[in-house]
Amino acid sequence: MDEVRSNNTVVYRCHYHVVWCPKYRRKVIDGKVDERLKEIIREVCAERNAPIETIETMPDQVHLLVVVDPQYGIHRLVKQIKGRSSRLLRQEFPHLKSRMPTLWTNSYFVATTGGATLEVVKRYVENQRNV
């Protein structure tokens, strides 16, 4: 999906590669937690009209390639994803409450895909589990 998008005032093509980790880099993203996390991320992105190019999770990190309106901002989207997923996952999976004070670290990595073609970044994210 390398299309040009627009809102009322901006025409854009902003693809972001975002990576974040659970607190203490704990390996807690697996099984039902993994499935539910992806579901929550898809819901938030759909609400914010931020199409997901690809998503991959590993036990200790999340990789997301997403298109975001520059007026909404990647920071706001990541904050909303992390906030909602932390709250819901900790409610639904009590073992996440007992092991960590919060689910996610405060930090995350974000890069635009301008330095590489979208396909290269997409393959990188999809192949993270194999590395």
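Structure first, text after, so check above.
The following refers to the structure shown. Quick caveat: nothing in here was measured; it's all calculated off a predicted structure.

Topic: the overall build of the protein
Part 1 of the argument: Across its full length, the protein carries four helices and six strands.
Part 2 of the argument: Reading the helices (α) and strands (β) of the protein from amino to carboxyl end gives β-β-β-α-β-β-α-α-β-α.
Part 3 of the argument: Its C-alpha radius of gyration of 15 Å places the protein within 12% of the 14 Å reference for a compact globule of 131 residues.
Part 4 of the argument: Burial status across the protein gives 49% buried among its 131 residues.
Part 5 of the argument: As displayed, the protein offers around 7,200 Å² of accessible surface, 49% of which is attributable to carbon and sulfur atoms.
Part 6 of the argument: Counting 22 positive and 15 negative side-chain charges, the protein places the centres of these two groups 8 Å from one another.

Examining the layout of surface pockets
Part 1 of the argument: Of the voids in this model, the largest pocket is the one considered here, and its volume is about 180 Å³.
Part 2 of the argument: Lining the largest pocket are H75, V78, K79, K82, G83, S86, T102, L103, W104, T105, N106 and Y108.

Quick look at the sheet that holds strand β3 (residues 15–20)
Part 1 of the argument: Overall, antiparallel pairing links the four strands, which are arranged β4-β5-β3-β6 in an open sheet. Each end of this open sheet is capped by a strand with a single partner; those strands are β4 (52–58) and β6 (109–112). Taking the axes of each pair of neighbouring strands and ignoring which way they run, one obtains an average angle of 10 degrees across the sheet.
Part 2 of the argument: One ladder, built from six bridges, connects β4 with strand β5 (residues 61–67); its direction is antiparallel. Looking across to β5, one finds that T54 is bridged to L65.
Part 3 of the argument: Against the sheet, helix α2 (residues 74–92) makes contact with β3, β5 and β6, and its axis sits at roughly 40 degrees relative to β3, the strand it touches most.
Part 4 of the argument: The sheet strands contacting helix α4 (residues 118–126) are β3, β4 and β5, and the helix crosses β4 at an angle near 25 degrees.

So, the side chain of Q128
Part 1 of the argument: Mapped onto the elements of the fold, Q128 is located in the segment after α4.
Part 2 of the argument: Setting aside residues no more than four positions away along its own chain, Q128 makes contact with M58, Q61 and H63.

Cut-offs used in this document
Residues numbered from 1 in each chain as written. Predicted model: local features only at pLDDT ≥ 70, side-chain atom pairs only at ≥ 80, totals over all residues. Heavy atoms only, no water. Helix = DSSP H or I, 4+ residues; strand = E, 2+ residues; numbered from the N terminus. Rg over C-alpha atoms; globule rule 2.2 N^0.38 Å. Buried < 20%, exposed > 50% of the residue type's maximum accessible area, 1.4 Å probe, protein only. Areas by Shrake-Rupley, 256 points an atom, 1.4 Å probe, with all protein chains shown as cover. Lys, Arg positive; Asp, Glu negative; His and termini not counted. Charge placed at Lys NZ, Arg CZ, Asp CG, Glu CD. 1 Å grid on protein atoms, 1.4 Å probe; cavity = no way out; pocket = protein on both sides within 12 Å on 5 of 7 lines; lining within 4 Å. Points joined across faces, edges and corners; volume = space filled by probe spheres on them. Pairing = 2+ DSSP bridges. Axes fitted to C-alpha atoms, helices over the stretch in contact; angles between N-to-C directions. Contact = heavy atoms within 4.5 Å.

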